[in-house]
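A closer look at the structure
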Amino acid sequence: MIVSIVITGIVVSMVAMFGRGQVDAYIDAGNRAELSDEADTTLRRIARDLQGALPNSVRQSGNFIEFVPIHDGGRYRAGVDATGGGNILDFNSNTDSSFEVFGPPVTIPAGDQLVVFNLGQTGSDVYAGTSRRAATAGVGLSTVTFAPAGTPFPLASPQNRFQIVGTPVTYECAGTTLLRHWGYGFIPTQPTTFAGLGQTSILADNVAYCAFSYSPAVLQRNGLIVLRLTLTRNGESVELLHQVDVQNTP
């Protein structure tokens, strides 16, 4: 019996010695797979949001990248019909407050705003308010009604386009977390402090490195955003880089 116990102990020790490496490898592979999936899902979420951003609304400062999401859009009537009728968007009137939609009807959620030809610069800046107006909410609208601001829209769109947008969204690399801020108002200067502003959620944790860079473009050229994210957990790290083309043709 003693000999059997000794031999069994030796066998178990050998199995444990040679099997431990395989078990550790399995655990490490599982950790890497989970980290890769989390990092990929996070960057794809950010990329999807940025690809639906209002042209010329993306702005980046350090660990913060901000944009204005588009919820709907279409084309406005720019000229009268053959009989001289039709509700046009008048760029010469201070009191114009509605226009006819060409194409499919649009839906305007409560609190959304109307934007026309945003260039992201002085005189046509969605954050400053020069290229946007408060719009009347509704579903299946063939006529868009908005609040006149005392001055007409500064610039007409060459393609007669308009966008319906929500409030800004910011992604922040904050230490070991990646945060998403939303539900706050339009601020002329890009915010970097969100205490008391809107809502905040954690998009990813276990962040070892996170960085944004943005190369803006003008009119016919696309902007380029580079996202870098490294996640670390249980001694395993995964680093991903994602590039996003941003349409900046308003």
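The present account deals with the structure reproduced in this document. (Residues numbered from 1 in each chain as written. Predicted model: local features only at pLDDT ≥ 70, side-chain atom pairs only at ≥ 80, totals over all residues. Heavy atoms only, no water.)

Observations regarding the overall build of the chain
Convention followed: By the criteria applied, helices consist of DSSP H or I runs no shorter than four residues and strands consist of E runs no shorter than two, each listed in order from the N terminus. Only protein chains enter the area calculation, which uses a 1.4 Å probe; residues under 20% of their type maximum are buried, those over 50% are exposed, and those in between are partly exposed. Note on contacts: a residue pair is in contact if any heavy atoms of the two residues lie within 4.5 Å. Accessibility throughout is a Shrake-Rupley quantity obtained with a 1.4 Å probe, and a residue counts as covered only by protein chains that appear here.
Counting its regular elements, the chain contains one helix and 16 strands. Out of the 250 residues belonging to the chain, those deemed buried represent 39%. Put simply, of all contacts in the chain between residues at least 6 apart along the chain, 63% involve residues at least 24 apart. Carbon and sulfur atoms make up 55% of the accessible area of the chain, which amounts to about 13,000 Å² in all.

A look at the environment of arginine 59
As a reminder, the rule being used: Here a polar contact is taken to be a pair of N or O atoms separated by no more than 3.5 Å, where protein atoms must pair a possible hydrogen donor with a possible acceptor and residues adjacent in sequence count only if both atoms sit in side chains.
On the secondary structure map, arginine 59 appears in strand E1 (residues 59–61). Distance in space between the C-alpha atoms of arginine 59 and serine 215 is 9.5 Å, their sequence separation being 156 residues. Ignoring sequence-local partners within four residues, the contact set of arginine 59 consists of Phe64, Ile65, Glu66, Tyr127, Ile187, Pro188, Thr189, Gln190 and Pro191. Only 2.7 Å separates the side chain of arginine 59 from the backbone oxygen of proline 188, close enough to count as a polar contact.

Some words on the sheet that holds strand E14 (residues 207–215)
By way of backbone hydrogen bonds, the strands of a sheet pair with one another, either parallel or antiparallel. Inclusion rule: By definition, two strands form a pair when at least two bridges between them are found by DSSP. For every element, the axis is a line fit to its C-alpha atoms; helices are fit only across the contacting stretch, and the angle between N-to-C directions ranges from 0 to 180 degrees.
Judged by pairing direction, the sheet is antiparallel, and its three strands sit side by side in the order E14-E15-E16 without closing on themselves. The open sheet has two edge strands with one neighbour each: E14 and strand E16 (236–246). Pairwise comparison of adjacent strand axes, ignoring direction, gives a mean angle of 10 degrees for this sheet. Here E14 pairs with strand E15 (residues 223–233) via eight bridges, running antiparallel. Its bridge partner lying in E15, valine 207 is registered against leucine 231.

Overview of the nonpolar core
Selection rule: Think of a nonpolar core as a cluster: buried Ala, Val, Leu, Ile, Met, Phe, Trp, Tyr and Cys residues, connected wherever their side-chain atoms sit within 4.5 Å.
Ranked by size, the top nonpolar core spans 26 residues in total, and within it Leu50, Val58, Leu178, Phe212 and Ile225 carry the most contacts. Where this core is concerned, the elements lending two or more residues are helix H1 (2–51), strand E2 (64–67), strand E11 (169–174), E14, E15 and E16. Per-element accounting of this core gives the leading share, six residues, to H1. When sequence neighbours within four positions are dropped, the list of residues in contact with valine 58 reads Leu50, Ala53, Ile65, Glu66, Phe67, Tyr214, Ile225 and Val246.

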